[in-house]
Amino acid sequence: MSDVRYPVVAPGVGDFRGAGGGEPAAHWKATAAGERLVPTHCCFCGVQCGMYLRVTDGRVIGVEPRNHDINKLRLCPKGVVAYQQVHHPDRLLAPLLRDSRDGPLRPVSWETALDRIVGEIQRIQSTYGRDAFGVLGGASMTTEKTYLMGKFARVALRTRHIDYNGRLCMVSAAAANKKAFGIDRAGNPWADLLETEVVLVAGTNIAECFPVAMQYFWGARDRGAKLVVVDPRETAMARTADEHVALRPGTDAAFYNGLLHVIVRDGLTDERFIAEHTVGWEAVRDTVAAYTPERVGEICGLDPRQIQRVAHLWGRARRCWAAHGRGLEQHLQGVENVLSCINVSLATGQLGRPGAGYGTLTGQGNGQGGREHGQKSDMLPGGRDIENPEHRAYVAGVWGIDEADLPPKGTSMQEMVWQMAAGEIRGLLGMCNNPLVSLPNQAVVRHGYDALEFHVQSDFFLSETAARADVVLPSTVWAEDEGLVTNGEGRVIKYNKAVEPPGEARTDWWMLCELARRLGTGDKFPFTRPVEILDELRVASKGGVADYYGITYEKVEQTGGIFWPCPTLDHPGTPRPFEGGRFYHPDGKARFHAVQWKPPAEPPDQEFPLRLTTGRTVAHFLSGNQTRRLPGLVEQTPRPWIEVHPSLGFADGDPVRVVTRRGAVTYPALVTEAIRPDTVFVPYHWAGPIAANVLTIDALDPISKMPEFKVCACRIERGQAVDPVPEPPMPPGEHPYRPETAPLGDQRPPTAPQGRGTAET
């Protein structure tokens, strides 16, 4: 037996080696000679799984899961292939420019591209005013980059028009959380789920959208927790639930009011918690008195007895957890939907303890950090309010500008598109977004972008939006830079650089600093490394509700992640911001908000009798600009489909034409009993004529300005043929990467049934 001593890398490993396992363990290696394992995190959803990128000779050749606290050696189908983006043949490798709006894109030098951008910014702003040039960011960039986006817009451009694609994802939850708790943060780490007795999952398809997070929910189930899933579709998770509440889309607030009605009626409220830790209970109690199970059942299309069963499950448990996603939030009443759910948690004291928690499931990789530090139209770094004089003065001081020069609040992403069409915004800089797929009512979106006098877009693949731009800048992928992101728990983690960018690709932060220098404000953007941006961000956030001052790269790497707020360098972070019943309003108390249910903007009628809802599928991500180029994911799910109930008279694969007041698309039918008979579902990751957002409505929540993606009126007809899937846009002279399989010609719905049963069975 060898006398070599091995470090104990995990509990039990030392014992194993000491018992004779040393030799095999010592001489077996997963890595090849010269290979490095670079620790980082997945670039996709808000779970942010830990992974190692395998690097050889300056190339990323594979991936291995890390035993990180978040994912514990698990990766989902997207995480397994994320590394394939790095050296993908479709990567943008040089700036592109078109000489006229109708002319083709052609490769140019960085000097030529930047000169054109700066010239157009100066022309437009001198002719029409500073607010005539807008900026749109994204919540998949690192926090350093999102901070710089906000600073660039307000300091270099001095425009009020900046927003980001999290407007389509998290803003209803963010607004509700701030109203109720005084802070926009999940209330607990996911590990707390293991101690809960009842889990209520509202409007989120966790098994497909956040597959690795399912370990926490299954862990709770293994320990005896009851599961309630509120969703019009019987998703994979709903199929295992104790109660699947298949309500009509657009009726959420009525349902949660109905739960609270029963909880109050049957004496299941936590009166001590309400009295000591909340404000505004009486108005909510009086409001829900009218939401009897019978009335709510009629509004939601539910059996009133189920409303009572769910209320009793929740109200009689010692520890309950509410988790929700876009199905609750992407509505005309999205903020109030979330508040009605929060009301149930507050009334029963189910906050601030292990197993008693609340949280929003974040869709984008940096959906949390991406909205906290200034690229949202009404927000300054640290979660500060741009209309608050004290907040403005503090940030202006950090930036070295006069407070009077700091622009006021801007408008939302969707409103900016309307302003483009109206000629109020004449130029646009976009980074890390793809509105020509992701925004609703695509005809209006195309009209807005076509009305721009100048448009520059940054991306690492040529997205549908970049393909229409006047200048396209080639950016880096996550593995080619370093920086912080914040996952859905509020845990700040770090991406590490694995390889150099290909060709002439550059980081987004370099582009912004270089543009600022050419615009005459380079002294405010002296950054040469991401850590320098972070150091300024830490100061800019200090004292704000989203305080990152105590978070450094070294601290994150030593701990595996720090939960914000973290106000000092010796602060351990805040995994449970509501622990002890303390909230972030000045008096330390949470706020109840009375909510009256309102119907959606476009309820069904005789001409359009069905409800259309949209969502994600496991193989793809957001607008699909990344995942529609990765062959394994395309082979798994090559095209969109429409889920219809058997009672509607279609067979699997039939062409079904979906018609709304905004457009029509023909999809193959997936016939399943796992959806309500009055509702149809289409996934939204595809572009062009088959995009689900050809059909959706651009009605906005009046508080959050979130579009109502989750419900609009439609009708379905028997179609002639399924609409073909378009190839992704490509740089000039290039052709789409074609793997050995060619699945895009497949006209059928997914081969694996998404639900329980089909029309044939």
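Residues numbered from 1 in each chain as written. Predicted model: local features only at pLDDT ≥ 70, side-chain atom pairs only at ≥ 80, totals over all residues. Heavy atoms only, no water.

**Here we look at the pairing of strand S18 (residues 471–474)**
Sheet faces and side chains relate simply in a regular strand, where the side chains alternate between the two faces. Burial along S18 is two-sided: Val 471 and Leu 473 and Val 472 and Pro 474, pointing in opposite directions, are all buried. Inspection of the sheet shows strand S4 (residues 96–97) paired to S18 by 2 bridges, in the antiparallel sense. For Leu 96, the partnering residue across the bridge sits in S18 and is Val 472. In the sheet, strand S17 (residues 454–459) pairs with S18 via 4 bridges, with the strands oriented parallel. Bridge assignment links Asp 459 to a residue of S18, and that residue is Pro 474. (Buried < 20%, exposed > 50% of the residue type's maximum accessible area, 1.4 Å probe, protein only. Helix = DSSP H or I, 4+ residues; strand = E, 2+ residues; numbered from the N terminus. Pairing = 2+ DSSP bridges.)

**Observations regarding the packing of aromatic side chains**
This structure, assessed with the given rule, holds 14 aromatic pairs. Ring geometry for Phe 152 versus Phe 525: centroids 6.3 Å apart, planes at 70°, classification edge-to-face. Of the two residues, Phe 152 is situated in helix H4 (residues 143–157) and Phe 525 in the loop between helix H19 (508–518) and helix H20 (530–541); the sequence distance between them amounts to 373 residues. Here the aromatic residues Phe 181, Phe 273, Tyr 358, Phe 578 and Phe 583 are joined through ring pairs into a cluster of three or more. Above the ring of Tyr 553, the side-chain terminus of Lys 494 is found at 4.7 Å from the ring centroid. (Phe/Tyr/Trp six-rings, centres within 6.5 Å; stacked < 30°, edge-to-face > 60°. Lys NZ or Arg CZ within 6 Å of the ring centre and 35° of its normal.)

**Re the layout of surface pockets**
Of the voids in this model, the largest pocket is the one considered here, and its volume is about 680 Å³. Lining the largest pocket we find 32 residues, and of these Lys 178, Asp 378, Met 379, Gly 383 and Asp 385 sit closest to its centre. Secondary structure elements with two or more residues in the lining of the largest pocket: helix H5 (171–181) and strand S15 (384–385). A class-by-class count of the residues in the lining of the largest pocket yields 8 nonpolar, 11 polar and 13 charged. (1 Å grid on protein atoms, 1.4 Å probe; cavity = no way out; pocket = protein on both sides within 12 Å on 5 of 7 lines; lining within 4 Å. Points joined across faces, edges and corners; volume = space filled by probe spheres on them. Nonpolar A, V, L, I, M, F, W, Y, C, P; charged D, E, K, R; others polar.)

**Observations regarding the sheet that holds strand S3 (residues 59–65)**
Taken together, the 3 strands give an open sheet; going across it, the order is S1-S2-S3, and neighbouring strands pair in antiparallel fashion. In the strand order of this sheet, the two ends are held by strand S1 (36–41) and S3, each with one partner. Each strand axis lies, on average, 30° off the axis of its neighbour in the sheet, ignoring direction. Relative to S3, strand S2 (residues 50–56) runs antiparallel, the two sharing 6 bridges. Considered in S3, the bridge of Arg 54 is made with Gly 62. (Axes fitted to C-alpha atoms, helices over the stretch in contact; angles between N-to-C directions.)

**Details of the nonpolar core**
Counting residues in hydrophobic clusters, the biggest one holds 113 residues, and the most contacted among them are Phe 152, Phe 181, Phe 255 and Tyr 256. Excluding anything up to four places from it in sequence, Phe 181 contacts Ile 342, Leu 346, Leu 351, Tyr 358, Phe 578, Phe 583, Tyr 584, His 585 and Ala 590. Val 38, Val 199, Val 212 and Val 229 belong to the second-largest nonpolar core, a separate cluster that totals 50 residues. (Core = buried A, V, L, I, M, F, W, Y, C linked by side-chain atoms within 4.5 Å. Contact = heavy atoms within 4.5 Å.)

**Here's the deal with empty space enclosed by the protein**
For the structure on display, the rule yields 7 cavities of 30 Å³ or more. One number sums up the size of the largest cavity: a volume of about 700 Å³. Here the residues of the lining of the largest cavity are counted per class, giving 13 nonpolar, 19 polar and 7 charged. For the second largest cavity, the lining is made up of 26 residues, of which Gly 203, Asp 231, Gly 327, Thr 614 and Lys 710 are closest to its centre. For the lining of the second largest cavity, the secondary-structure elements that each account for two or more residues are helix H13 (326–329) and strand S23 (610–615). With 3 residues, S23 is the largest single contributor of residues to the lining of the second largest cavity.

**What about the confidence of the model for the chain?**
Summary statistics for the chain give a mean pLDDT of 92 and a share of 93% for residues scoring 70 or more. Scored below 50 in pLDDT, residues 1–28 shows 13 contacts in the model against residues more than four places distant or in partner chains. Confidence over residues 752–761 falls short of pLDDT 50; this stretch has 24 contacts with residues more than four positions distant or in other chains. (pLDDT = per-residue confidence, 0-100.)

**As for the sheet that holds strand S13 (residues 357–360)**
Spatially, 5 strands are ordered S10-S9-S8-S12-S13 in an open sheet, and the strand pairing comes out parallel. The two strands at the open ends of the sheet, each matched to only one other strand, are strand S10 (243–245) and S13. Averaged over all pairs of adjacent strands, the angle between strand axes in this sheet comes to 10°, irrespective of strand direction. The pairing of strand S8 (residues 198–202) with strand S12 (residues 320–324) spans 5 bridges and is classified as parallel. Within S12, the position partnered with Val 199 by the bridge is Trp 321.

**So, the environment of Glu 532**
Note that Glu 532 resides in helix H20. When the C-alpha atoms of Glu 532 and Glu 144 are compared, they prove to be 9.1 Å apart, with 388 residues separating the residues in sequence.

**Remarks on the state of the cysteines**
With the rule as written, the count across this model stands at 0 disulfides. There is no disulfide at Cys 45, and the cysteine sulfur nearest it, in Cys 76, is 6.3 Å away. A relative accessible area of 11% means that Cys 45 is categorised as buried. (Disulfide = S-S within 2.5 Å.)

**Considering the pattern of salt bridges**
Inspection of every chain in the model, using the stated rule, returns 56 salt bridges. The residue Lys 376 makes a salt bridge to Asp 378 at a minimum N-O spacing of 2.8 Å. Overall, the relative accessible area of 23% leaves Asp 378 in the partly exposed class. Taken together, the shared-partner salt bridges in this structure form one network comprising Glu 111, Asp 115, Glu 514, Arg 517 and Arg 518. (Salt bridge = Lys/Arg side-chain N within 4 Å of Asp/Glu carboxyl O.)

**Looking at the packing of H4 against H19**
Relative orientation and spacing of two packed helices are given, respectively, by the angle between their axes and the distance between those axes. With their axes 10 Å apart at the nearest point, H4 and H19 run at an angle of 15° to one another. Taken together, the axes of H4 and H19 lie roughly parallel to each other. Where H4 crosses over H19, the handedness of that crossing is left-handed. In this structure, H4 uses Lys 145, Leu 148, Met 149, Phe 152 and Ala 156 to contact H19, whose residues at the interface are Asp 508, Trp 509, Leu 512, Cys 513, Leu 515 and Ala 516. Residues of the contact of H4 with H19, tallied by class, amount to 9 nonpolar, no polar and 2 charged. (Parallel < 35°, antiparallel > 145°, perpendicular 65-115°, else oblique. Left-handed = near helix turned anticlockwise from the far one by under 90°.)

**Quick word on the side chain of Gln 306**
Among the secondary structure elements, Gln 306 is positioned in helix H12 (residues 304–315). Here His 244 takes part through its backbone oxygen, which lies 2.9 Å from a polar atom of the side chain of Gln 306. The contacts of Gln 306, once residues within four sequence positions are left out, are Glu 243, His 244 and Val 245. (Polar contact = N/O pair within 3.5 Å; in protein donor to acceptor, adjacent residues only side chain to side chain.)

**Quick word on the side chain of Gln 375**
Among the structural elements, Gln 375 can be located in the loop between S13 and strand S14 (379–380). A polar atom in the side chain of Gln 375 sits 3.0 Å from the backbone oxygen of Gly 138. Reaching out from Gln 375, the side chain makes a polar contact with the backbone oxygen of Gly 370 at a distance of 2.9 Å. Apart from the residues within four sequence positions on either side, Gln 375 is in contact with Gly 137, Gly 138, Ala 139, Met 141, Thr 146, Met 149, Gly 150, Ile 162, Asp 163, Tyr 164 and Gly 370.

**So, the packing of helix H11 (residues 293–300) against H12**
At a minimum axis distance of 8 Å, the contact between H11 and H12 shows a crossing angle of 115°. One way to sum up the angle between H11 and H12 is to call them roughly perpendicular. H12 is crossed by H11, and the crossing has right-handed handedness. Of the residues in H12, those touching H11 at Pro 293, Glu 294, Val 296 and Gly 297 are Pro 304, Ile 307 and Gln 308. Residues of the contact of H11 with H12, tallied by class, amount to 4 nonpolar, 2 polar and 1 charged.

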